[in-house]
Amino acid sequence: MSKYSIYVLEYSYVANYHLSGIVYGAHNQGYRKLPYCYALIMSDDHVAMIDVGYNHKEYGAFLGDKFGVENWRSPRTVLAEVGLTPEDVDSVFITHAHFDHLGNVEDFPNAKFYIQQRELSKWIWAMSLPDRMKWMMVAVDPSDILKAVDLARQGRLVCVDGDMEDVLPGVDLRAAFDSHTYGSMWISLRNDLAAQSSDRWALAGDLIYVYENLEGDGSAVGLDKIYTPVGLAVGSTTNLILTTEEIMKSVGYETRRVIPVHEERLKDMFPSRITKEGLRISEICLASGQSSLVR
Ligand SMILES: [Zn+2]
């Protein structure tokens, strides 16, 4: 029995992103397509998103342009491909506050949002620092932080402090403090709902961008493959490696059960189709009794 269908929905992409920004220390190794996506988990009872993308206007458009984002589409357009509207979404798990993950909360009027309280409070701290220290604010839209605070005012924000089990049935939130960001989190999904699940998925946020972060070039230490951190961290690379071990352990060290949303090769790993807008939908797994939306 599988409770949830899981999809990764592309909503824009950077056609040529420098690999050194994706894989730590991969200097002068060229460029790669970097899809921007959110994940969708659906059961008979819930429609939940993991991250919400960004809105290509105002400072969001500035950041999108700076990162070279192309072909941005709204959640209404993207979700229509799987027969949903943004209003259908009841829960949103924000892995971290970078603009391409948090920047579109206003498009989901009926959702309750979950974010680590450390992620919010530390970005408020970072915003208060003098301009000369604003490197930390790279990829953060301050207005996204204000919108998250406003969700709290509306009674639609859960500020999570560390790990949280069964936030929806079978869905566990896992904190990874001072890693990619101050209060990053990833989602561990037990799709058979069992405590000792044999059907686990890890939705990694930006703790893992691409497969090289799980199986990177180990030649520097005389090995075949080693965990290699993502190319951007405000916390420590040590914490990224420790989190990678936790993520891999959670899925029995089965790489394909870790879902990196910036990974173009999801299309080779899972059934996928390209929409008329030129964006990819990858079907990670299907809930029992559901039929494919990509075939
Ligand atoms: Zn990020």
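Residues numbered from 1 in each chain as written. Predicted model: local features only at pLDDT ≥ 70, side-chain atom pairs only at ≥ 80, totals over all residues. Heavy atoms only, no water.

### A few points about the overall build of the chain
So the rule is basically this: Strands are runs of DSSP state E lasting at least 2 residues, helices are runs of H or I lasting at least 4, and numbering of each runs from the N terminus. It is over C-alpha atoms that the radius of gyration is taken, and the globule rule equals 2.2 Å times the number of residues to the power 0.38. Summary of the burial criterion: residues with accessible area below 20% of their type's maximum are buried, those above 50% are exposed, and those between are partly exposed, where the area comes from a 1.4 Å probe applied to protein chains only.
Looking only at helices and strands, the chain features seven helices and 16 strands. Taken over the C-alpha trace, the chain has a radius of gyration of 18 Å; the compact-globule value for 295 residues is 19 Å, and the two agree within 12%. Viewed in the frame of its principal axes, the chain has a C-alpha envelope of about 55 × 50 × 40 Å. Across the 295 residues in the chain, those meeting the buried criterion constitute 57%.

### Some points on empty space enclosed by the protein
Regions of empty space are outlined by a rolling probe, equal in size to a water molecule, passed over the atoms. Under the convention used in this document: For each structure, a 1 Å grid was placed over the protein atoms alone; sets of points admitting a 1.4 Å probe that cannot get out are labelled cavities, open sets with protein on both sides within 12 Å along at least five of seven lines are labelled pockets, and lining residues have an atom within 4 Å of a point. Grid points are joined across faces, edges and corners, and a volume is the space filled by probe spheres set on the points.
The tally for this structure, following the rule as stated, stands at four cavities of 30 Å³ or more. In this structure, the largest cavity occupies an estimated 130 Å³ of space. Tyr36, Phe67, Asp100, Asp206 and Tyr209 are, among the 14 residues lining the largest cavity, the residues nearest its centre. Those elements giving two or more residues to the lining of the largest cavity turn out to be β2 (31-42) and α3 (99-102).

### Here's the deal with unusual backbone geometry
Even without being a glycine, asparagine 28 presents a positive backbone phi close to 55°. Position of asparagine 28 among the secondary structure elements: in the loop between β1 (5-18) and β2. Here asparagine 28 falls in the exposed class, since its relative accessible area comes to 82%. Here aspartate 166, not a glycine, exhibits a phi torsion of approximately 50°, which is positive. Within the secondary structure, aspartate 166 sits in strand β8 (residues 164-168). Since its relative accessible area comes to 45%, aspartate 166 is described here as partly exposed.

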